[in-house]
Amino acid sequence: MKRFLALLATCATVLGLTALVTPQTAVAATGCRVDYTVTNTWQGGFQAAVKVTNLGAPVTGWKLEFAMPSPGQRLAQGWNATWSQSGSAVTATARDWNAALATGAVAELGFTGSFTAANPAPSAFTLNGVACTGSDGTPPAGDDGTPVGTNGRLHVCGVNLCNRYDRPVQLRGMSTHGIQWFSQCYSAASMDALADDWKADLLRIAMYVQEDGYETDPAGFTERVNGLVDMAEDRGMYALIDFHTLTPGDPNYNLDRAKTFFASVAARNADKANVIYEIANEPNGVSWPAIKSYAEQVIPVIRAADPDAVIVVGTRGWSSLGVSDGSSESEVVNNPVNAANIMYAFHFYAASHKDAYRAAVSRAAAQLPLFVTEFGTVSATGGGAMDRASTAAWLDLLDQLKISYANWTYSDAPESSAALRPGTCDGTDYSSGGVLTESGALLKDRISTPDHFPTG
Ligand code: IDC
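Residues numbered from 1 in each chain as written. Predicted model: local features only at pLDDT ≥ 70, side-chain atom pairs only at ≥ 80, totals over all residues. Heavy atoms only, no water.

Talk me through the packing of aromatic side chains; I want residue IDs and the actual numbers.
Counting across every chain of the model gives 21 aromatic pairs. Between Tyr36 and Phe125 the ring centres are 6.2 Å apart and the planes differ by 45°, which places this aromatic pair in the tilted class. One end of the pair, Tyr36, is in strand 1 (residues 32–42); the other, Phe125, is in strand 8 (residues 125–127), with 89 residues separating them in the sequence. Across the pair, Phe125 and Tyr36 agree in class, each one buried. Where Phe348 meets Trp394, the ring centres are 3.9 Å apart and the plane angle is 10°; that geometry is what we call stacked. One end of the pair, Phe348, is in strand 18 (residues 342–349); the other, Trp394, is in helix 9 (residues 388–401), with 46 residues separating them in the sequence. Comparing Phe348 with Trp394, the two get one shared label, buried. When the ring centre of Phe221 is taken as origin, the NZ or CZ atom of Arg224, which lies over that ring, is 4.5 Å away. (Phe/Tyr/Trp six-rings, centres within 6.5 Å; stacked < 30°, edge-to-face > 60°. Helix = DSSP H or I, 4+ residues; strand = E, 2+ residues; numbered from the N terminus. Buried < 20%, exposed > 50% of the residue type's maximum accessible area, 1.4 Å probe, protein only. Lys NZ or Arg CZ within 6 Å of the ring centre and 35° of its normal.)

In structure tokens, the structure reads:
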């Protein structure tokens, strides 16, 4: 069996175009994916598998159409649909038993055919009359140059974060400050600068739960987070949705809020390739088993709506893998969260956390998938002098281990951890050198270097 071509294609919005589609409310992101694989060939003949994934609203009937690209290609016999060919046009219509396709459901079809001169794969599919033009919500496997376009939906493989080619990638990006305080910093202009000038791969969306955050207006903050997810997606950046618990430190205090929030954002963003979930920023004053218990209650809520996204779990001692509480990564290694496709958060502030913490990360990285969802170049207060040497040692280590990171903060907060000078967010210039703080200049230098994402 030889795999000739896997073709990923997405249909544009199908809503309203056919009676076969059950209309859905607000969420208009519909689509489909077609994986076309030649599974066998012989003298003048071939067999193809056609996997149709409904990424959009549920349908109660469907028709898949495509053209045979080469004149001599003829359909012989198909299965799991009613197949026909007229000229070059091939149609596969659902059978009674696979006509209903829920969101995320798959129909596996196939056919045998003959060919004369050449046997290229079809390049354009339509489902219920709408052209399939991309991959799942993002540009096609062909690289559009953005981080999401190149890598697609990510997954955990071994201790790494891997891309659509199953190769390890490191995402380098920035964290917002609390969106309840700094929403003016997340405009089209600032996001353009982050994507185009900084060449950031990642925007972490820090949604505080307390401190005038989510708990004061769940619907409003959910909407703001979704808006930022879209802004990141539009620019080809990943979005890390951070449920920014901090005080109180026990995430179980916010368990019900977390379930409500994540059920909503996961359902709304399930079709997107760019979303990663961070379920608890910095557990503190709480044991690892209590954090694990929280994770094992929140993760299934996300999975029910968005089965494939990567989820990052905060760790003990302000996401220090327990080190700041005098423990170590072994409490996680010996008692991991019972879930797949997850990573563990590690946070550091370069002026406060040095060799002992780097040693812990070096050890842990061999056994646990780690994601530095937050770090600072300064002290753990978010202020004080930048520690250039320690920051460089940290970032070199993360680069070497391919550990993804987000820096605290892409904001103009009056504190040395902020990347932008105070007042920047009152204007529209996010690009000139003059808007950067010392920390911002260092981070922009590090983040804007080429990613060299592996593509094969
Ligand atoms: C800090 C902010 C500061 C804010 C404070 C309390 O920089 O402006 O007043 O939170 O909300 C963390 C936390 C992060 C902290 C940051 C710096 O995740 O919320 O932000 N820090 O203290 N962990 C370690 C350091």
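That was the structure; now back to the text.
Outline the state of the cysteines, listing residues and values.
The full count for this structure, using the stated rule, is two disulfides. Cys157 shares a disulfide with Cys162; S-S distance 1.7 Å. Under the relative-accessibility criterion, Cys162 is labelled buried at 0%. Sulfur-sulfur distance for the disulfide between Cys185 and Cys425 comes to 2.0 Å. The disulfide joining Cys185 to Cys425 has a torsion of about 100° about its S-S bond and is therefore right-handed. Of the two residues, Cys185 is situated in the loop between strand 13 (172–175) and helix 2 (188–197) and Cys425 in the loop between strand 20 (405–408) and helix 10 (438–447); the sequence distance between them amounts to 240 residues. The residues Cys185 and Cys425 share a single accessibility class, namely buried. (Disulfide = S-S within 2.5 Å.)

A description of the site of the ligand should follow, citing residues and the corresponding values.
Around the ligand, a shell composed of 15 residues is seen, among which Tyr208, His244, Glu282, Ala380 and Glu415 lie nearest. Glu374 places a polar side-chain atom, nitrogen or oxygen, 2.9 Å from an oxygen atom of the ligand. Here an oxygen atom of the ligand sits 3.0 Å away from a polar atom, N or O, in the side chain of Trp408. When isolated, the ligand has an accessible area of 500 Å², and the protein chains bury 78% of it. Looking at the shell around the ligand, its residues break down into six nonpolar, five polar and four charged. (Near = heavy atom within 4 Å. Polar contact = N/O pair within 3.5 Å; in protein donor to acceptor, adjacent residues only side chain to side chain. Areas by Shrake-Rupley, 256 points an atom, 1.4 Å probe, with all protein chains shown as cover. Nonpolar A, V, L, I, M, F, W, Y, C, P; charged D, E, K, R; others polar.)

Residue-level account of the nonpolar core, with values.
Residues Trp198, Phe262, Tyr277, Ile279, Val313 and Tyr410 are the most contacted members of the largest nonpolar core, which totals 90 residues. Excluding residues within four positions of it along the chain, Trp198 makes contact with Met174, Ala193, Tyr410, Ala419, Leu436, Gly440, Leu443, Lys444, Ile447 and Ser448. Within the second largest apolar cluster, 28 residues are counted, among which are Cys32, Phe46, Phe66 and Ala81. (Core = buried A, V, L, I, M, F, W, Y, C linked by side-chain atoms within 4.5 Å. Contact = heavy atoms within 4.5 Å.)

For the packing of helix 4 (residues 255–269) against helix 5 (residues 288–305), give the residues involved together with the corresponding values.
As a packed pair, helix 4 and helix 5 sit with axes 8 Å apart at the nearest point and diverge in direction by 20°. On the basis of their axis angle, the class for helix 4 and helix 5 is roughly parallel. When the axes of helix 4 and helix 5 are compared, the crossing they make is right-handed. Together, Leu255, Ala258, Lys259, Phe262, Ala263, Ala266 and Ala267 of helix 4 and Tyr294, Gln297, Val298, Val301, Ile302 and Ala305 of helix 5 make up the contact between the two elements. Split by residue class, the contact of helix 4 with helix 5 holds eleven nonpolar, one polar and one charged. (Axes fitted to C-alpha atoms, helices over the stretch in contact; angles between N-to-C directions. Parallel < 35°, antiparallel > 145°, perpendicular 65-115°, else oblique. Left-handed = near helix turned anticlockwise from the far one by under 90°.)

Please provide a residue-by-residue account of the sheet that holds strand 16 (residues 275–278), values included.
The strand order 13-14-15-16-17-18-19-20 describes a closed barrel built from eight strands, whose pairing is parallel. Recorded for the sheet is a direction-independent mean angle of 25° between the axes of neighbouring strands. By the bridge criterion, four bridges tie strand 13 to strand 20 in an arrangement that is parallel. Considered in strand 20, the bridge of Met174 is made with Asn407. Sheet strands in contact with helix 3 (residues 218–234) are strand 14 (202–208), strand 15 (238–244) and strand 16, and its direction is about 175° off that of strand 14. Most of the contacts of helix 5 go to strand 17 (residues 311–313), to which it runs at about 165°, and overall it touches strand 15, strand 16, strand 17 and strand 18. (Pairing = 2+ DSSP bridges.)

How would you sum up helix 5? Please name residues and give values.
For helix 5, with 18 residues, the first-to-last C-alpha span of 26 Å sits near the 26 Å given by 1.5 Å per residue. Burial in helix 5 covers these residues: Trp288, Ala290, Ile291, Lys292, Tyr294, Ala295, Val298, Ile299, Ile302 and Arg303. (Expected span 1.5 Å × (residues − 1).)

Describe helix 9, listing the residues and the values that go with them.
Between its first and last C-alpha, helix 9 extends 20 Å over 14 residues, near the 20 Å set by a 1.5 Å rise per residue. Here helix 9 has its buried residues at Ser390, Thr391, Trp394, Leu395, Leu397 and Leu398. Buried residues of helix 9, viewed axially, fall in a sector of 155°; they line one side. Of the residues in helix 9, the exposed ones pointing more than 90 degrees away from the buried face are Ala389 and Gln400. Lining the buried residues of helix 9 we find strand 18, helix 8 (355–364), strand 19 (370–376), strand 20 and helix 10. Taking the backbone nitrogen of Ala389 as reference, a side-chain oxygen 3.3 Å away marks Asp387 as the first, capping residue of helix 9. Looking one or two residues beyond helix 9, the residue adopting positive phi is Lys402, at roughly 55°. (Arc of directions from axis to C-beta.)

Functional significance is not addressed by these values, which are geometric in nature.
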